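In case you want the letters, here they are:
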Amino acid sequence: MRPRESAPEALFMVGAVSQYLGAAVAVVLFDELAPGGVALLRVLAAAAVIVALRRSWRRRWQARELGRAAAFGVSLAAMNLCFYLAMDRLPLGNAVAIEFTGPVVVAALGARTLRSAGAVVLAIAGVLVLAGVESEGTAAGVGFALLAGGFWAGYILLGHRVARSPASVDGLGLGMLAGAVAISPFGATAVAGALDAPVVLALGLTTGVLSNVIPYRIDQTVMRRVDPHRFALLQALLPATATLVGLAALAQVPSLQEALGIGLVIAAILAGRPGTDPD
């Protein structure tokens, strides 16, 4: 079955598993590179793969397309950077759940109902529960995860414009190049020091393909089919998927308090779901 014929939920499962397997690889890379270096390597690798496969340099670009793609790419790269800084301090499932505040707010603003307001309250409660988990680096990790959530909201809103424009996938690749330039001050030195380490570079390429190329290409497909608010709600699959991948790949077993916080965030997404399907 071709991707455009698949249900959005099925596509999200494929993208979610790929995305967080890539995140698990990134955790391994943290032993060799600082999070900023891993984020830069991930974005650069993904951009190079897409631009090379698409031969995006052959396209005639309009100024508006370039600006839109660049803004999208900067949001994406900043989201990746902040997420890795959070993930270096928090378990994978916790970081994703807190980061999810951004998409929940996007969905709630789209619905503008008492139910959506309740969803935001549940999401905030989940973040507070997770923030209350006592561990070294928690405060900074929560802060970075919330920042990532803000950039994630920008990614959703800008991503729909890119996905539905003529540039589409080419815009994704070019945007990630712009994003790589934007976050290069945070990781360029680390990446330069890893140029003589083929294994590290190979893992960086793997992370880029698993965490950026596959899931974001799937996002592009889904974004053309659903509005930004439903897209935000469909991502309810992500916190649970991240927790399961963290458990299976990284042996990160959530405590009861952490499971409660993640559960509250998932409940927030489900509570904010519109009563009727907009499509």
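Along every chain, residues carry numbers that run from 1 in the direction the sequence is written. Note on the predicted model: pLDDT of at least 70 is required for a residue's local features to be given, and 80 or more for side-chain atom pairs to be given and counted; whole-chain, interface and lining totals, by contrast, use all residues. Excluded from the side-chain calculation are hydrogens and water; included are all heavy atoms of the structure.

Student: I'd like a description of the packing of helix 7 (residues 138–163) against helix 10 (residues 198–223), backed by residues and values.
Tutor: Lines are fitted to the C-alpha atoms to define the axes, a helix being fitted only along its stretch in contact, and any angle between axes, read from their N-to-C directions, falls within 0 to 180 degrees. Per the convention used, a helix needs a DSSP run of H or I reaching at least four residues, while a strand needs a run of E reaching at least two, with both numbered from the N terminus. Remark: helix 7 packs on helix 10, axes separated minimally by 9 Å, with the N-to-C direction vectors making an angle of 70°. For the element pair helix 7 / helix 10, the angle class is roughly perpendicular. Counting all contacts with helix 7, which are made through Tyr155, Ile156, Gly159, His160, Val162 and Ala163, the residues of helix 10 involved are Tyr216, Asp219, Gln220 and Met223. The classification used treats Ala, Val, Leu, Ile, Met, Phe, Trp, Tyr, Cys and Pro as nonpolar, Asp, Glu, Lys and Arg as charged, and all other residues, Gly among them, as polar. Taken together, the residues of the contact of helix 7 with helix 10 sort by class into 6 nonpolar, 3 polar and 1 charged. With respect to orientation, any angle under 35 degrees is reported as roughly parallel, any angle over 145 as roughly antiparallel, any angle of 65 to 115 as roughly perpendicular, and every other angle as oblique. Residue contacts are defined here by distance: any two heavy atoms, one from each residue, within 4.5 Å place the two residues in contact.

Student: Now, about the nonpolar core: what can you tell me, with residues and values included?
Tutor: Throughout, nonpolar core names a set of buried Ala, Val, Leu, Ile, Met, Phe, Trp, Tyr and Cys residues whose side chains join them through atoms within 4.5 Å. Whether a residue is buried, partly exposed or exposed follows from its accessible area with a 1.4 Å probe, protein chains only, as a fraction of its type maximum: under 20%, in between, or over 50%, in that order. Ranked by size, the top nonpolar core spans 66 residues in total, and within it Tyr20, Phe83, Tyr84, Met87, Leu92, Tyr155 and Met176 carry the most contacts. When residues of this core are assigned to their parent elements, the largest contribution, 11 residues, is made by helix 3 (residues 63–87). With near-sequence residues (within four places) excluded, Phe83 lies in contact with Tyr20, Ala23, Leu92, Ala95, Val96, Glu99 and Ala148. Leu11, Phe12, Val222 and Val226 belong to the second-largest nonpolar core, a separate cluster that totals 6 residues.

Student: Kindly report on the side chain of Ser75, identifying the contributing residues and their values.
Tutor: Here Ser75 shows up in helix 3. The exposure class of Ser75 is buried, given its relative accessible area of 11%. Among all residues touching Ser75, those that are not within four sequence positions of it are Phe151, Gly154, Tyr155 and Leu158.

The quantities given are spatial measurements derived from coordinates; they are silent on function.
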